Amino acid sequence: MTVRSIIRSCGAYLPDRIMTNRDLEDVVDTSDEWIVQRTGIRERRIAAENETTADMAIAAAKAALAHGRFTAADIDGIIVCTSTPNHTFPAVAVDVQAALDIRPCPAFDLQAVCSGFVYGLNVADMFIRSGQCRRLLLIGAEKFSSILDWTDRTTCVLFGDGAGAVVLEVDESGDGSLNDRGILFSRLYADGRQKNILYTSGGPATTQDSGYVVMEGREVFRHAVSNMSQIVTEVLEVNKLSADRIDWLVPHQANVRIIEGTAKKLGLGMDRVIVTVDRHGNTSAASIPLALNEAVQDGRIKPGNLVLFEALGAGLTWGAVLARF
Ligand code: UT7
């Protein structure tokens, strides 16, 4: 018998407002052609002024509960992966807990920026395998539009808002092999030497505000391509797995060129890669659960499928998780 955590259900929330590349041409000196060519992004969702990260997290969590026919009483752990919380404290996770009326249980935010959801999958898996939680809500939620410098064309065209959520549940039917359902393998990294290539210009203990996103795009791109290639190779090697066993790659959605590079390294055709960056932009910790939700709801990802998640974000942080649905 092997204790595993299975992704049982998922849900998502996207704000109503669509901002196209053409809309951005009125905001900064940019063009639809440049954005599409360099990133693959065509449009992104932008939250309403009074719509918060917690609002989006709650909506995604409700959708994930409904999808799995769970009620609040089934949940005994909440992790929200976000870098754009409503407040410095308390955590968005307790907003979710209060709104859904979930009983006292571990509830906290996890901040690993765009790698947040892969970090979250690993942490949630450890909570479940250690016996501390049986059914845990894991949410990625971001309102990046509120930490963008809307005069900086090198960053403001890249990001969007949204939230995605999953319910992870303990399962004891596995035999410890890669044929088991559930989270099979996780690998996380960070390298603080690269902290100055992607950061916010402020924070509570420095400028006393949240600051704005600052990025050396070309440098981050270089690390993203190389670290993602390295980590997917590592996942395959450690697990003695050939790439043709992977049914779906669900990557962080920052730039379609990074996604294509990773798929190429794996030898996976783009028909086995979930891509939402064209419609969502980069929603940081929300991008993977948003992409996952889309592919589960439209029937591409099915029970039994082997799925590889990977992401890289500020820190730099990066990681990958292998899971069977
Ligand atoms: O999710 C966290 C991880 N983040 C990422 O993975 C993002 C990684 N980086 C990237 O995706 C790419 O580096 C970008 C999309 C950000 C930029 O693409 P690039 O091909 O690396 O462009 P660049 O930064 O080298 O800029 C090329 C040119 C520059 O002009 P000059 O100096 O060559 O004259 C920029 O000023 O493009 C210019 N530029 C723009 N032009 C029109 C930069 N932003 C824009 C813009 N519209 N929005």
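The coordinates are above.
First, a word on what this report is: a plain description of the structure on this page. (Residues numbered from 1 in each chain as written. Predicted model: local features only at pLDDT ≥ 70, side-chain atom pairs only at ≥ 80, totals over all residues. Heavy atoms only, no water.)

### Notes on the overall build of the protein chain
Stated precisely, the cut-off is as follows: Strands are runs of DSSP state E lasting at least two residues, helices are runs of H or I lasting at least four, and both sets are numbered from the N terminus onward. Just to be clear, the radius of gyration here is over C-alpha atoms, and the globule rule we use is 2.2 Å times residues to the power 0.38. Only protein chains enter the accessibility calculation, which uses a 1.4 Å probe. A residue is then buried if its area is under 20% of the maximum for its type, exposed if over 50%, and partly exposed in between. Working rule for contacts: check all heavy atoms of both residues, and any pair within 4.5 Å makes them a contact. Residue-level accessible areas treat just the shown protein chains as cover; the underlying method is Shrake-Rupley with a 1.4 Å probe. Charged residues are defined narrowly, with Lys and Arg counted positive, Asp and Glu counted negative, and His plus the chain ends left uncounted. Charge placement uses NZ in Lys and CZ in Arg. For Asp and Glu, CG and CD serve respectively.
A tally of regular secondary structure across the protein chain gives ten helices and 13 strands. Relative to its length of 325 residues, the protein chain is compact, with a C-alpha radius of gyration of 18 Å against a globular reference of 20 Å. A principal-axis box enclosing the C-alpha atoms of the protein chain has dimensions of 60 × 45 × 40 Å. Looking at the protein chain as a whole, 57% of its 325 residues qualify as buried. If you take every contact in the protein chain between residues at least 6 apart in sequence, the share linking residues at least 24 apart comes to 75%. Of the accessible surface of the protein chain, which amounts to about 13700 Å², a share of 49% is contributed by carbon and sulfur atoms. For the protein chain, the centre of its 32 positive side-chain charges and the centre of its 40 negative side-chain charges are spaced 6 Å apart.

### With respect to the packing of aromatic side chains
For any pair of aromatic rings, geometry is given as the distance between the ring centres together with the angle between the planes. Just so we agree on the cut-off: Each Phe, Tyr or Trp ring, with Trp reduced to its six-membered ring, pairs with another whose centre is within 6.5 Å; inter-plane angles below 30 degrees give stacked pairs, above 60 give edge-to-face pairs, and intermediate values give tilted ones.
One pass over the full model with this rule turns up three aromatic pairs. Relative to Trp318, the ring of Tyr189 lies with its centre 5.4 Å away and its plane at 25°, an arrangement referred to as stacked. On the criterion of sequence distance, the pair formed by Tyr189 in strand β8 (residues 182-190) and Trp318 in strand β13 (residues 317-324) is long-range, its members being 129 residues apart. A relative accessible area of 28% means that Tyr189 is categorised as partly exposed. For Trp318, a relative accessible area of 10% corresponds to the buried category.

### As for the site of the ligand
Cut-off, in case you're wondering: In this text, near means that some heavy atom of the residue lies within 4 Å of the molecule or strand in question. Think of it as three bins: nonpolar holds Ala, Val, Leu, Ile, Met, Phe, Trp, Tyr, Cys and Pro, charged holds Asp, Glu, Lys and Arg, and polar takes everything else, Gly as well.
Not every one of the 23 residues close to the ligand is listed here, only the nearest: Thr30, Arg38, Arg218, Asn255 and Asn282. Against a free-state accessible area of 960 Å², the protein chains account for coverage of 76% of the ligand. Ranked by residues supplied to the shell around the ligand, first place goes to helix α7 (residues 217-238) with four residues. Grouping the constituent residues of the shell around the ligand by class yields eleven nonpolar, seven polar and five charged.

### Section: the packing of α7 against helix α8 (residues 256-266)
Geometry of a packed helix pair, given as the angle between the helix axes and the separation of the axes. Stated precisely, the cut-off is as follows: Only C-alpha atoms enter the line fits that serve as axes; for helices the fit covers just the stretch in contact. Angles between N-to-C directions range over 0 to 180 degrees. Orientation labels follow simple angle bins: below 35 degrees gives roughly parallel, above 145 gives roughly antiparallel, 65 to 115 gives roughly perpendicular, and whatever is left gives oblique. If you view the pair so one helix is near and one far, a crossing is left-handed when the near helix is turned anticlockwise from the far one by less than a right angle, and right-handed when it is turned clockwise.
It is the contact of α7 with α8, at a shortest axis distance of 9 Å, that shows an interaxial angle of 30°. Considering their axes alone, α7 and α8 lie roughly parallel with respect to each other. For the pair α7 and α8, the crossing hand works out as right-handed. Residues Phe221, Ala224, Val225, Met228, Ser229, Val232, Thr233 and Leu236 of α7 lie in contact with α8, whose contacting residues are Arg257, Ile258, Thr262, Lys265 and Leu266. Its residues assigned to classes, the contact of α7 with α8 comprises eight nonpolar, three polar and two charged.

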